[in-house]
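# Close look at the chain arrangement
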Amino acid sequence: MNSRSLDGRTRVYGVVGHPVAHSLSPAMHNAAFSELEINAIYVAFPSTPEQVSRMIEGVRAMNVSGVNVTVPHKSAVLPFLDEVTPLAQKVGAVNTIRNDQGRLVGTNTDVGGFLRSLESLEVQVPQARIALLGAGGSARALLVGLADAGASRIWICNRTTERARQLIHEFQEQFPGTDLQVAELEALHAEPWDLLVNTTTVGMEHPESPVDLHAFQEVRYLADIIYKPAQTLLLQQAEQLRIPSINGLGMLLYQGAEAFTFWTGLKAPTGVMRDALLSRLQDSPPTRSR
Ligand code: ATR
């Protein structure tokens, strides 16, 4: 528990989703509020899919200052907001809402969070050739972010090919400068990649890898959005092959930092936020940024 005193002026923030009991966001944001001596608190608001519209009305009616939105509401909240940033519109998902005196503005900080986490790898996203594993909501957000940032090629490989095809079909016209394609695993093996990104859940619950890195002609950098376990089998392979890599903790941290700034206008204290995440991570179930 933090030692801030709460009073009649305390601003309330939170995370809405289902389930949210294991969310690491309360620890991360309360640490930031404490550090900057901001009179605010961040809590978890469990809400089922049927409750989405009433949950949003609750945010307005109770004058909640801001919320993060997580699974399964990220797309469902869009119609209920007063404004949605162009990026969140493009992704079709909102993970952060700010209450501007009753006017609810939604944005997506997952994209920026992921791109910022890549900075530690020194990969140059503009002109990069990127292989993306998976075609769910996380892949969708990352595809938009990476294509928007100027990747020259993004090939998507997914267990269910049709899902990858739909994703490509939806975005091909929006990103004419990026070579967007559905790819079989064998095709990925045969090409050189600046960055390989795993957005699947493979490796989270069991020690298995979505691909065998040894089979690839060339992978320069690797990102796995799983952060528990901290080192998946895929990341272990990367280490063996001396491929610089990151797990999903940076994405989690920096999406939180960007949300914090969106709400408060202040630079986020990422050091204490990271410490708070790391200290709570031990007790949390296997999970990934999504
Ligand atoms: P999110 O929206 O959080 O990204 P999701 O929509 O559940 O999550 O997507 C999970 C991803 O992991 C999908 O790409 C899924 O592949 P399918 O589209 O074929 O379901 C992938 N995935 C999950 N389990 C998998 C497995 N055992 N092998 C390969 N891919 C798997």
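Our structure is the block above this text.
Computed from a predicted model, the values in this text were never measured in an experiment.

Parameters and conventions
- Residues numbered from 1 in each chain as written.
- Predicted model: local features only at pLDDT ≥ 70, side-chain atom pairs only at ≥ 80, totals over all residues.
- Heavy atoms only, no water.
- Phe/Tyr/Trp six-rings, centres within 6.5 Å; stacked < 30°, edge-to-face > 60°.
- Helix = DSSP H or I, 4+ residues; strand = E, 2+ residues; numbered from the N terminus.
- Buried < 20%, exposed > 50% of the residue type's maximum accessible area, 1.4 Å probe, protein only.

### Some details on the packing of aromatic side chains
Inspection of every chain in the model, using the stated rule, returns six aromatic pairs. Taking 5.0 Å as the distance between ring centres and 40° as the angle between the ring planes, the aromatic pair formed by Tyr13 and Trp263 counts as tilted. Note that Tyr13 is positioned in strand 1 (residues 11-17) and Trp263 in helix 9 (residues 249-264), a separation of 250 residues in sequence. For the pair shown, Tyr13 and Trp263 are each scored as buried. With a centroid separation of 6.1 Å and 50° between ring planes, the pair formed by Tyr42 and Trp263 is classed as tilted. Highlighted residues: Tyr42 in strand 2 (residues 40-46) and Trp263 in helix 9, separated in sequence by 221 residues. Since its relative accessible area comes to 2%, Tyr42 is described here as buried. Judged by relative accessible area, which is 7%, Trp263 ranks as buried. These aromatic residues form a ring-pair network of at least three members: Tyr13, Phe33, Tyr42, Phe260 and Trp263.

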